[in-house]
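One letter stands for each residue in the lines below.
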Amino acid sequence: MTVVALDDTDSRERGMCTTYVASRIAERLCHPATGEGSEGGAACVRRILLVRLNPAVEYKTRGNAALAVHVDCDPDRAFAIARAELESLAETADERTNPGLVVADHPADAIPESAARFARRAIREHLDIDDAAALVDRHGYRSWHAGDGRGRIGALAALGSWRELEGWTYEQIAYREPQRWGTTRDVDAESVFAAADRGYPEAWDTVDRGESETVCVPHTPGPILYGIRGDDPETVRRVAAGIESEPVASSRLFVTNQGTDVHLREGSIADVRDGRAYRLDGRVASEPETRRGGHVFFTLEGESSSDGEGNQERGDVDGLSIECAAFEPTKRFRDRVRALRVGDRITACGEVSDGTLKLEKFAVRDLVRSERVTPTCSDCGRTMESAGRNQGYRCRECDTDAPGKAEIPLERDLEEGWYEVPPCARRHIAKPLVRGGFDAQTHVER
Ligand code: ATP
């Protein structure tokens, strides 16, 4: 098997999309005139992987995707075709676009351990171009790049991912006719909502019912018309087939690590570093506060602190506590965050940047159910006053007294279990609760 892995072809302003380049390469490899393989001269594409890497990487254009085409054909020919496509399609006029291509010829189960490890690290850490270049050399892979060649990091990660990852999901992507790129997409929203309902829950994040938004239709200038994500190939194909829209120029199934939470690592607040994503247990230490722009913040306090290695890279994280944020685009999720109270025990998930954890989901483990308040007088019902330091409280009118604060039940607008951002704010790699496998009750957004 030949693996054709690529990354970094698009530009924020100029459009393009690496999934499209991969799809074009697959098309050309399959074409009898250009490809060669076992049957009728056409190479057989087995699958195309769409792998989301560390969402905290600053070089990304949007979703930090890298691609790998698994194909049965001659590696030299695959390399030549892929390189020609990259040279013609990659938006290298944008200096931030640094395409990379890596081609390997070995069976899928012979992907080296070092490439597999590289894939996991590319999803969870920051890597250097030199690391990728050294690995490419060590394994004698064919490679090509433009600009600084940063794209080789993603390409190598996409190559290694097939060995390293499990629990793959699927996305059926429909592409637009090139003359329409950059124009408003013509997609019938009603048909999207109806198809989404029929495919749910196996197909997820197709729409956001709360926001009445067709999440599967992007707003960027690139070639994608819509992308349907789900647990199995049949469902995503079926949902895509139910959508009425402008003509679909081509359509392609991708095997992905989207919706898997593979970016999250277990951690403790004391040890977190910027640029990584975590699951962190802690106790809410400040009342959630809504700041300018509608962003909601609170402090999460850890159980313990350590002064382990890595302190310099931890940004503003002070070791004992960390600020957590639900930003305005997370919409109704912010109401769940605002419902937290000091003392609640939670597990918070998200990426840490500049010392702040950007919440993707959280689990309520233990809710504070009562609060201590100044007692009221049993005779007149008025709030008592302090009788002096450590002297309890008393009612001036009735001369009644109380030894200390009273404990009253607290009405909570939150239950135990997992809460998540709505589909319109989901990160590609984040796992929707509807997919299951969580360790507590789930409060699913759809
Ligand atoms: P595209 O559609 O072009 O793939 P994108 O949002 O996926 O858009 P890229 O343009 O690919 O973003 O930019 C991401 C860049 O960061 C790539 O060059 C990739 O190789 C590199 N990269 C990805 N993961 C890491 C990592 N963990 N450490 C360092 N660099 C990384």
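Since this is a predicted model, take the numbers as computed values, not measurements. (Residues numbered from 1 in each chain as written. Predicted model: local features only at pLDDT ≥ 70, side-chain atom pairs only at ≥ 80, totals over all residues. Heavy atoms only, no water.)

### Some thoughts on the nonpolar core
One finds F118, L156, L159, Y226 and I228 to be the most contacted residues of the largest nonpolar core, which totals 50 residues. Among the elements that line this core, the one with the most residues is helix α5 (residues 151–164), at six residues. Summarising the domain contributions, this core has at least three residues from each of domain 1 (2–164) and domain 2 (169–256). If we ignore the near neighbours within four places in the chain, the residues touching I228 are Y170, E171, Q172, A203, T206, C216, V236, V239, A240 and I243. Core analysis: the second largest hydrophobic core is formed by 33 residues, M16, I48, V69 and I81 among them. (Core = buried A, V, L, I, M, F, W, Y, C linked by side-chain atoms within 4.5 Å. Buried < 20%, exposed > 50% of the residue type's maximum accessible area, 1.4 Å probe, protein only. Helix = DSSP H or I, 4+ residues; strand = E, 2+ residues; numbered from the N terminus. Domains from an automatic or database assignment. Contact = heavy atoms within 4.5 Å.)

### Some points on the site of the ligand
Around the ligand, the structure places 22 residues, and the nearest of them are D8, D10, T61, R62 and A65. At 2.8 Å from an oxygen atom of the ligand is found a side-chain nitrogen or oxygen belonging to D7. At 3.0 Å from a nitrogen atom of the ligand is found a main-chain nitrogen or oxygen belonging to A122. When the ligand is considered free in solution it has 620 Å² of accessible area, and contact with the protein chains removes 98% of it. Among the elements that make up the shell around the ligand, the one with the highest residue count is α5 (three residues). For the shell around the ligand, the per-class residue count stands at seven nonpolar, eight polar and seven charged. (Near = heavy atom within 4 Å. Polar contact = N/O pair within 3.5 Å; in protein donor to acceptor, adjacent residues only side chain to side chain. Areas by Shrake-Rupley, 256 points an atom, 1.4 Å probe, with all protein chains shown as cover. Nonpolar A, V, L, I, M, F, W, Y, C, P; charged D, E, K, R; others polar.)

### Remarks on the sheet that holds strand β8 (residues 224–230)
The strand order across the open sheet formed by nine strands is β5-β4-β1-β3-β2-β9-β6-β8-β7, and the pairing between neighbours is mixed. The open sheet has two edge strands with one neighbour each: β5 (142–145) and β7 (203–204). Here four bridges tie strand β4 (residues 100–105) to β5, and the two strands are oriented antiparallel to one another. Across the sheet, residue V102 finds its bridge partner in β5, namely S143. (Pairing = 2+ DSSP bridges.)

### Concerning a negative patch on the surface
Taken together, the side chains of D186, D188, E190 and E244 define an acidic patch exposed on the protein surface. Tracing the chain through its elements places E244 in the loop between α7 (233–241) and β9 (250–256). Take E244: its relative accessible area is 51%, and that puts it in the exposed class. (Patch = residues over 30% accessible without salt bridge, like charges linked within 9 Å, V, L, I, M, F, W, Y side chains within 5 Å. Salt bridge = Lys/Arg side-chain N within 4 Å of Asp/Glu carboxyl O. Lys, Arg positive; Asp, Glu negative; His and termini not counted. Charge placed at Lys NZ, Arg CZ, Asp CG, Glu CD.)

### What to know about the domain arrangement of the chain
Segmenting the chain into domains produces domain 1 (2–164), domain 2 (169–256), domain 3 (264–369 + 411–443) and domain 4 (370–409). Placing the centre of domain 2 and that of domain 4 at their C-alpha centroids yields a distance of 61 Å.

### A look at the UniProt feature "domain: TiaS C-terminal zinc ribbon" (unreviewed entry) in the chain
Here, the residues flagged by UniProt with the feature "domain: TiaS C-terminal zinc ribbon" (unreviewed entry) are residues 375–414. Along residues 375–414, the helical share is 0% and the strand share 25%, with 26 Å between the first and last C-alpha atoms. (UniProt positions renumbered as here; feature names shortened; annotations may be inferred.)

### Let's talk about the packing of helix α3 (residues 113–124) against helix α4 (residues 129–138)
Each packed pair of helices is defined by two parameters, the angle between the axes and the distance between the axes. Put simply, α3 and α4 touch, their axes get as near as 11 Å, and they point 160° apart. On the basis of their axis angle, the class for α3 and α4 is roughly antiparallel. Note that α3 runs across α4; the crossing there is left-handed. Taking contact as the criterion, the partners of S114, A115 and F118 in α3 are, on α4, D131, A132, L135 and R138. Looking at the contact of α3 with α4, its residues break down into four nonpolar, one polar and two charged. (Axes fitted to C-alpha atoms, helices over the stretch in contact; angles between N-to-C directions. Parallel < 35°, antiparallel > 145°, perpendicular 65-115°, else oblique. Left-handed = near helix turned anticlockwise from the far one by under 90°.)

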